Amino acid sequence: MQLLSLQTQCSWCTIFLSATLLGAQMVQASIELDLDNQESIKKAAKTAASGMLQYYTGHRPGDVPGNLPDPYYWWETGAMFNAMVEYWYYTGDSQWNDITTQALLHQVGPEHNYMEPNQTRTLGNDDQAFWGLAAMAAAEVKFPNPPKDKPQWLALAQGVFNTQYPRWDNKSCHGGLKWQVFSFNNGYNYKNTVSNGCFFNLAARLAVYTGNQSYADWAEKTWDWVYEVGLISKEWQFFDGTDDKNNCTELNHIRWTYNAGLFLLGAAHMYHFTDRSEVWKTRVENIISGLDIFFPIGDIMSEVACEPNGKCNVDQRSFKAYLSRWMSHTIQIAPFTKDLLMPKLRASAEAAALQCSGPDNACGLRWNRNETFDGSTGVGEQMAALEIFQGHLVDYVDKRVSANTGGISEGNPDAGTGKSDEDSVGIHERVISTADRVGAGLLTAFIVIGSISAVYFMAV
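As the structure is a prediction and not an experimental result, all values here were calculated from the model.

Asker: Residues and numbers for the state of the cysteines, please.
Answerer: In a disulfide, the sulfur atoms of two cysteines are held together by a covalent bond. In total, this model carries three disulfides according to the counting rule given. Shown here is the disulfide that connects cysteine 173 with cysteine 248, its sulfur atoms set 2.0 Å apart. Judged by the torsion about the S-S bond (80°), the cysteine 173/cysteine 248 disulfide is right-handed. You can see cysteine 173 sitting in the loop between helix H6 (153–164) and strand E1 (190–192) and its partner cysteine 248 sitting in the loop between strand E2 (239–243) and strand E3 (251–255), a full 75 residues away along the chain.

Asker: Would you mind going over the nonpolar core in detail, with residue names and values included?
Answerer: Of all hydrophobic cores here, the largest spans 141 residues; its most connected members are Tyr322 and Phe389. At twelve residues, the largest contribution of residues to this core is made by helix H3 (residues 74–91). Excluding residues within four positions of it along the chain, tyrosine 322 makes contact with Trp75, Glu76, Ala79, Phe130, Tyr258 and Met383.

Asker: If you had to explain the packing of H3 against helix H13 (residues 379–390) to someone new, which residues and values would you point to?
Answerer: With their axes 10 Å apart at the nearest point, H3 and H13 run at an angle of 25° to one another. The angle between H3 and H13 places the two elements in the roughly parallel class. Between H3 and H13 lies a crossing whose hand is left-handed. Here H3 contributes Glu76, Ala79, Met80, Ala83, Met84, Glu86, Tyr87 and Tyr90 to the contact with H13, which in turn contributes Val379, Gly380, Met383, Leu386, Glu387 and Gln390. Broken down by class, the residue content of the contact of H3 with H13 amounts to nine nonpolar, two polar and three charged.

Asker: Please give an account of the side chain of histidine 329 that cites residues and values.
Answerer: Assignment of secondary structure puts histidine 329 in helix H11 (residues 319–333). Ignoring anything within four residues of it in the chain, the contact list for histidine 329 reads Tyr90, Glu140, Arg205, Leu265, His269 and Arg400.

Asker: Describe the sheet that holds E3, with residues and values.
Answerer: The strand order E1-E2-E3 describes an open sheet built from three strands, whose pairing is antiparallel. Among the strands making up the open sheet, the edge pair consists of E1 and E3. Neighbour to neighbour, the strand axes of the sheet diverge by 20° on average, direction disregarded. In this sheet, E2 lies alongside E1 in antiparallel orientation, the contact comprising three bridges. Looking at the pairing, lysine 191 lines up with threonine 242 of E2.

Asker: Would you mind going over the packing of aromatic side chains in detail, with residue names and values included?
Answerer: Under the counting rule described, the total for this entry stands at 35 aromatic pairs. Here tyrosine 271 and phenylalanine 336 contribute two aromatic rings whose centre-to-centre distance is 5.1 Å and whose plane-to-plane angle is 70°, an arrangement assigned as edge-to-face. Residue tyrosine 271 is located in helix H9 (residues 257–273), and its partner phenylalanine 336 is located in the loop between H11 and helix H12 (338–355); the two are separated by 65 residues in the primary sequence. The exposure class of tyrosine 271 is buried, given its relative accessible area of 8%. With a relative accessible area of 24%, phenylalanine 336 lands in the partly exposed category. Every member of this aromatic cluster is reached through a ring pair, and the members are Trp75, Phe130, Trp256, Tyr258, Phe319, Tyr322 and Trp326. Against the face of phenylalanine 336 rests lysine 281, its NZ or CZ located 4.7 Å from the ring centre.

Asker: Mind laying out the environment of arginine 346, listing which residues take part and the relevant values?
Answerer: Tracing the sequence through the fold places arginine 346 in helix H12. Taking C-alpha positions, arginine 346 is 8.8 Å from phenylalanine 389, a pair spaced 43 residues apart along the chain. Leave out the neighbours within four places in its chain, and arginine 346 touches Leu35, Asp36 and His392.

Asker: How would you summarise the pairing of E2 if you had to cite specific residues and measurements?
Answerer: Looking along a regular strand, one sees side chains alternate from face to face of the sheet. Burial analysis of E2 places four of its five residues in the buried class, the great majority of the element. Pairing between E2 and E3: three bridges, direction antiparallel. Residue pairing across strands places phenylalanine 239 opposite arginine 255, the latter belonging to E3.

Asker: Would you mind going over the packing of H11 against H13 in detail, with residue names and values included?
Answerer: Interhelical geometry of H11 versus H13 gives an angle of 15° and a closest axis separation of 7 Å. Taken together, the axis directions place H11 and H13 in an arrangement best described as roughly parallel. Remark: the crossing between H11 and H13 carries left-handed chirality. When H11 is examined against H13, the residues Lys320, Ala321, Tyr322, Ser324 and Arg325 are found in contact with a partner set consisting of Met383, Ala384, Glu387 and Ile388. Residues that form the contact of H11 with H13 fall into these classes: five nonpolar, one polar and three charged.

Asker: So what about unusual backbone geometry? Which residues, and what values?
Answerer: Note the cis peptide between aspartate 70 and proline 71, where omega equals 15°. Positive phi is not limited to glycine here, since tryptophan 236 has a value of about 65°. Mapping tryptophan 236 onto the fold places it in the loop between helix H8 (213–229) and E2. Of the residues examined, tryptophan 236 reaches a relative accessible area of 17% and is grouped as buried. Positive phi is not limited to glycine here, since aspartate 299 has a value of about 65°. Inspection of the secondary structure puts aspartate 299 in the loop between helix H10 (278–290) and H11.

Rules of the game
- Residues numbered from 1 in each chain as written.
- Predicted model: local features only at pLDDT ≥ 70, side-chain atom pairs only at ≥ 80, totals over all residues.
- Heavy atoms only, no water.
- Disulfide = S-S within 2.5 Å.
- Helix = DSSP H or I, 4+ residues; strand = E, 2+ residues; numbered from the N terminus.
- Core = buried A, V, L, I, M, F, W, Y, C linked by side-chain atoms within 4.5 Å.
- Buried < 20%, exposed > 50% of the residue type's maximum accessible area, 1.4 Å probe, protein only.
- Contact = heavy atoms within 4.5 Å.
- Axes fitted to C-alpha atoms, helices over the stretch in contact; angles between N-to-C directions.
- Parallel < 35°, antiparallel > 145°, perpendicular 65-115°, else oblique.
- Left-handed = near helix turned anticlockwise from the far one by under 90°.
- Nonpolar A, V, L, I, M, F, W, Y, C, P; charged D, E, K, R; others polar.
- Pairing = 2+ DSSP bridges.
- Phe/Tyr/Trp six-rings, centres within 6.5 Å; stacked < 30°, edge-to-face > 60°.
- Lys NZ or Arg CZ within 6 Å of the ring centre and 35° of its normal.

Next up, the structure:
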């Protein structure tokens, strides 16, 4: 009995020691992050970027540059390479510049406006715009220019803008952009905040870069429409969208981080463009106050519509990356926001580093658990960690440029014009088949069902 007792005790000792060592290994595997040390931030960003790019195969022979494999949609690849443009800007590490340039140029489409014919079935205004915003960022940070015989970054951003403003729809709701570009895609009647937010963001940034008032006018017009239709709440939070079949009288009240981020950075650029007007300053401050919903615990960012119930889909798991990206950018173009935004960025980055404790420092999704890896992995999780880390280098880099302050990207005010949307992607050159319509309908149905489910689970 005594021998058995000793053996039992030793067994428990072994289990306890193994668990302790495993816990220590998990803590050691998390990303070490000192937010007051440039090299520590760069190292953390590199680790997150490397983990993100392991999902990308488009640069390999026989694969398609600018496409992520299933289950990722086309737009997220544009968002991912925007993150890589920012990565080069913040860290100076150019090892991934070639695949970034390759991807951003391969997907420009025949009219150089990011209307890729292979994406016709799911081509939303927001999808196209995310690629345009990546090109806009490349111009702003002086990312190495494409070869002379290729479309240039600024011209690509202008091409996206020039194809979108003619889509402004005054036939219902007194304006606004629809979600989908083509009427044969389900969701065509939905006027969502992200499509209008992307357009607002791009217009405001083009106004600052070029000095052209017409871009600012469109930004003002878009802001006014979103506000008047009610997609901005009294608490300065941004709802998902509205259906023009009901003349936009009913709103989808779900709230996402990236919608707030789009309008935050766009408003900051309008503040800059209008020579620091009080109107836009107040709007920026109000948007920041509305961000509190996404920082429910200890100033740590959370995708509150789906994280608490574990229902974030593939797209939604990337949304925090964009709010993180645009908060850091806002600090640079509207410096008065630093004291308002930096506490949230710091707390979120420290929590995200703890979540980067999966295999090979894989980063989890739920930062506000304030503990180790939650088991969620993917492009979105890695991109969110990357953006929240690298944004802390904002005080160490040269400011973004405009055409008058050192910009090197060549523009083209007429980019993307001259052809209809249908001709841009060759729809008039081929008859839309039944399979096309069925495929588009099924895909959009899945998206709509997912959105409805998200609303239900958020309510629960």
